[in-house]
Amino acid sequence: MESKKEPEKKEEEEEYHEIITDPNEIKLLEEFKHSLETVTDKSDSEVIDPSAVLDNDILIHFLRAKKLNVQKATRMILNYFHWKRKINLDDLYINFKLEHKNEIQLIFPHCFHKYAKDGSPIYIQIMGKLNPDEVFKIDTPQNICIYSALISERMEREYFKMCAKIKKRYVHGVFNIVDFRDIRTTMLINKKLLTYLKESFGILQDCYPECLSGCYILNAGFAFRAFFSAVSLFLDAKTKDKVRVYGENYREHLLEKIDSDCLPSFFGGTCQCPNKGGCLFSNAGPWQTEEDKKDDNLPEEIINGRIELNNYMMSGIKVNTVKEEKKEKEKLEEKEEKVEKKEKVEEKENVEKKEIEVKNTGNEESKPENV
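Residues numbered from 1 in each chain as written. Predicted model: local features only at pLDDT ≥ 70, side-chain atom pairs only at ≥ 80, totals over all residues. Heavy atoms only, no water.

1. A short note on the overall build of the protein
Part 1 of the argument: Counting its regular elements, the protein contains 16 helices and 5 strands.
Part 2 of the argument: Taking contacts inside the protein between residues at least 6 apart in sequence as the whole, the part at least 24 apart equals 77%.
Part 3 of the argument: As displayed, the protein has an accessible area near 23,200 Å², and 50% of this comes from carbon and sulfur atoms. (Helix = DSSP H or I, 4+ residues; strand = E, 2+ residues; numbered from the N terminus. Contact = heavy atoms within 4.5 Å. Areas by Shrake-Rupley, 256 points an atom, 1.4 Å probe, with all protein chains shown as cover.)

This is how it looks when you write it as structure tokens:
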């Protein structure tokens with residue numbers, strides 16, 4: 001009689017959490033929870049999300065954002081709960097779709113693409129191809145702002161956890177790459193864009209604190225300085241500290257943070273996603289769906305637009321690579337020249353030293369012996 005096989009037990013998915021070891025943080029975290037549990041204002045108590053109050057991973061970031069001030073952290077998270085209810089975030093998360101997303105991506109290229117060495121999802125924005133006036137003709141600033149907020153919400157709910165499973169460590173941060181190649185000066189002072197950025201940064205900092213692991217600005221020319229001066233007014237000190245600004249020589253800096261196979265080839269990595277439009281439109285990463293891989297059913301003008309944009313991106317890295325190689329060659333030649341000069345100086349010094357030694361030896365030999 002054959003023995004029945006026992007059903008295989010499903011392995012529980014391992015979860016990764018923020019490790020809090022500082023005794024002061026542990027103490028203040030409990031005070032923070034108590035502060036939320038004892039809220040007396042009815043309008044505040046009605047919006048509190050009970051699951052968030054029990055989630056140390058959420059609470060610790062609000063607490064740290066306010067430098068461990070429990071009172072300020074309490075107000076900050078309550079404001080988040082109010083905002084969440086006001087826009088009906090949970091419903092939007094499930095049902096909201098940006099109707100003209102494919103068209104918008106061609107004039108405001110942005111995407112998630114794999115992850116950095118520390119596990120942070122990589123989010124890429126191509127500012128040189130951004131046309132804010134055209135974007136806001138296609139859809140309303142309100143919808144674009146909701147779309148941006150949902151990107152942050154999706155990171156919190158899904159992407160960080162997906163990357164944590166791969167890296168087997170807690171992940172709470174996005175690595176942002178912003179390319180300013182060919183940026184137009186008129187775009188940098190566009191009022192609609194600055195208003196949108198102000199609102200978007202406000203949501204990011206107030207509702208998703210400490211979720212930026214790094215922000216690398218690439219191809220930043222002279223015009224960028226004026227733009228960054230305006231944008232930095234919206235940023236808090238912690239966010240500013242995570243921003244790094246580079247000109248054309250950024251490749252080695254990116255590769256310090258990102259493995260080559262996770263970095264698109266147009267930024268100097270080795271990744272070349274096979275779909276039409278390459279890495280910018282693949283949504284590559286653990287969040288990629290079967291639908292992301294299929295782009296044959298898209299309208300011809302969208303496919304052509306993606307291919308054209310990918311060609312533009314690839315032409316940029318070729319230019320940068322040539323310039324970087326030229327500079328590296330110049331550096332190497334300069335280094336070799338310095339070594340050669342040093343060797344000549346040392347050789348000359350050695351010859352002079354030997355001549356002095358020979359002269360001294362001759363003088364010693366010519367001295368009369370003591371009787």
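2. Details of the nonpolar core
Part 1 of the argument: Judged by nonpolar contacts, the single largest core of 101 residues is most densely connected at F32, I177, F180, L254, I258, F267 and L280.
Part 2 of the argument: Considering every element that reaches this core, the biggest residue donor is helix α9 (residues 141-167), with 12 residues.
Part 3 of the argument: Excluding its chain neighbours within four sequence positions, the residues that come into contact with I258 are Y115, A116, K117, I122, F175, I177 and L263. (Core = buried A, V, L, I, M, F, W, Y, C linked by side-chain atoms within 4.5 Å. Buried < 20%, exposed > 50% of the residue type's maximum accessible area, 1.4 Å probe, protein only.)

3. Quick word on the environment of L212
Part 1 of the argument: One can find L212 in strand β4 (residues 212-218).
Part 2 of the argument: L212 sits 37 residues away from F175 along the chain, and the two C-alpha atoms are 6.4 Å apart.
Part 3 of the argument: For L212, the residues in contact, after removing those within four places along its chain, are G173, V174, N176, T239 and K242.

4. Observations concerning helix α5 (residues 70-86)
Part 1 of the argument: Given a rise of 1.5 Å per residue, 17 residues ought to cover 24 Å, and the 24 Å separating the end C-alpha atoms of α5 matches this to within 8%.
Part 2 of the argument: Among the residues of α5, V70, A73, T74, M76, I77, L78, Y80, F81, W83 and K84 are the ones counted as buried.
Part 3 of the argument: Where α5 starts, the residue carrying a side-chain oxygen 3.1 Å from the main-chain nitrogen of Q71 turns out to be N69.
Part 4 of the argument: In the segment just after α5, N88 is the residue with positive phi, at about 60°. (Expected span 1.5 Å × (residues − 1). Polar contact = N/O pair within 3.5 Å; in protein donor to acceptor, adjacent residues only side chain to side chain.)

5. Comments concerning unusual backbone geometry
Part 1 of the argument: Located in the positive-phi region is N219, a residue other than glycine, with phi close to 55°.
Part 2 of the argument: Structurally, N219 can be placed in the loop between β4 and α12 (222-231).
Part 3 of the argument: Residue classification places N219 among the buried residues on the basis of a relative accessible area of 11%.
Part 4 of the argument: Its identity as a non-glycine residue notwithstanding, N283 has a phi of 55°, on the positive side.
Part 5 of the argument: When you line up the elements, N283 lands in the loop between α14 (251-257) and α15 (290-293).

6. Some thoughts on the layout of surface pockets
Part 1 of the argument: Roughly 1,100 Å³ of volume is contained in the largest pocket.
Part 2 of the argument: What lines the largest pocket is a set of 36 residues, and nearest its centre among them are K101, Y147, N283, E291 and D292.
Part 3 of the argument: Those elements that place two or more of their residues in the lining of the largest pocket are α6 (89-95), α7 (101-107), β1 (110-115), α9 and α15.
Part 4 of the argument: The leading source of residues in the lining of the largest pocket is α9, at 6 residues.
Part 5 of the argument: Partitioned by chemical class, the residues of the lining of the largest pocket number 16 nonpolar, 9 polar and 11 charged.
Part 6 of the argument: Approximately 660 Å³ is the volume found for the second largest pocket.
Part 7 of the argument: For the second largest pocket, the lining is made up of 29 residues, of which D55, I58, E156, R157 and K161 are closest to its centre.
Part 8 of the argument: Put simply, the parts of the chain that give the lining of the second largest pocket at least two residues each are α3 (50-53), α4 (56-65), α5 and α9. (1 Å grid on protein atoms, 1.4 Å probe; cavity = no way out; pocket = protein on both sides within 12 Å on 5 of 7 lines; lining within 4 Å. Points joined across faces, edges and corners; volume = space filled by probe spheres on them. Nonpolar A, V, L, I, M, F, W, Y, C, P; charged D, E, K, R; others polar.)

7. Some words on the environment of G247
Part 1 of the argument: On the secondary structure map, G247 appears in the loop between β5 (243-245) and α14.
Part 2 of the argument: Looking at G247, the relative accessible area reads 33%, which means it is partly exposed.
Part 3 of the argument: Remark: the alpha-carbon pair of G247 and F222, spanning 25 residues in sequence, is separated by 9.7 Å.
Part 4 of the argument: Each residue touching G247, except ones within four places of it in the same chain, is listed here: L218, N219 and A220.

8. Thoughts on the side chain of D57
Part 1 of the argument: Relative to the helices and strands, D57 is located in helix α4.
Part 2 of the argument: Look at D57: it is buried, it has no salt bridge, and the nearest opposite charge is K161 at 7.7 Å.
Part 3 of the argument: Here H17 takes part through its side chain, which lies 2.8 Å from a polar atom of the side chain of D57.
Part 4 of the argument: Residues within four places of D57 in sequence aside, it is in contact with Y16, H17, E18 and Y170. (Lys, Arg positive; Asp, Glu negative; His and termini not counted. Salt bridge = Lys/Arg side-chain N within 4 Å of Asp/Glu carboxyl O.)

9. Thoughts on the sheet that holds β4
Within a beta sheet, neighbouring strands are joined by backbone hydrogen bonds and run either parallel or antiparallel to one another.
Part 1 of the argument: In spatial order, the strands read β1-β2-β3-β4-β5; together these 5 strands make up an open sheet with mixed pairing. Two strands close off the open sheet at either side, each with one partner strand: β1 and β5. Averaged over all neighbouring strand pairs, the angle between strand axes comes to 20°, with direction disregarded.
Part 2 of the argument: Pairing analysis gives 4 bridges linking β1 to strand β2 (residues 121-126), with the strands arranged antiparallel. Looking at the pairing, F112 lines up with Y123 of β2. (Pairing = 2+ DSSP bridges. Axes fitted to C-alpha atoms, helices over the stretch in contact; angles between N-to-C directions.)

10. With respect to the packing of α5 against helix α11 (residues 191-207)
Part 1 of the argument: Where α5 meets α11, the closest approach of the two axes is 9 Å, and the angle between their N-to-C directions is 125°. Comparing their axes, α11 and α5 come out oblique. Between α5 and α11, the contacting residues are M76, Y80 and W83 on the first element and I203, Q205, D206 and C207 on the second.
Part 2 of the argument: Here the contact of α5 with α11 is composed, by residue class, of 5 nonpolar, 1 polar and 1 charged. (Parallel < 35°, antiparallel > 145°, perpendicular 65-115°, else oblique.)

11. Focus on the side chain of H113
Part 1 of the argument: On the secondary structure map, H113 appears in strand β1.
Part 2 of the argument: The class of H113 is buried, set by a relative accessible area of 0%.
Part 3 of the argument: In this structure the side chain of H113 is engaged in a polar contact, spanning 3.1 Å, whose partner is the backbone oxygen of C262.
Part 4 of the argument: Setting aside chain neighbours within four positions, we find H113 in contact with I122, I124, C262, P264, C271, C273, C279, S282, A284 and W287.

Everything listed here is a matter of geometry and, on its own, says nothing about what the molecule does.
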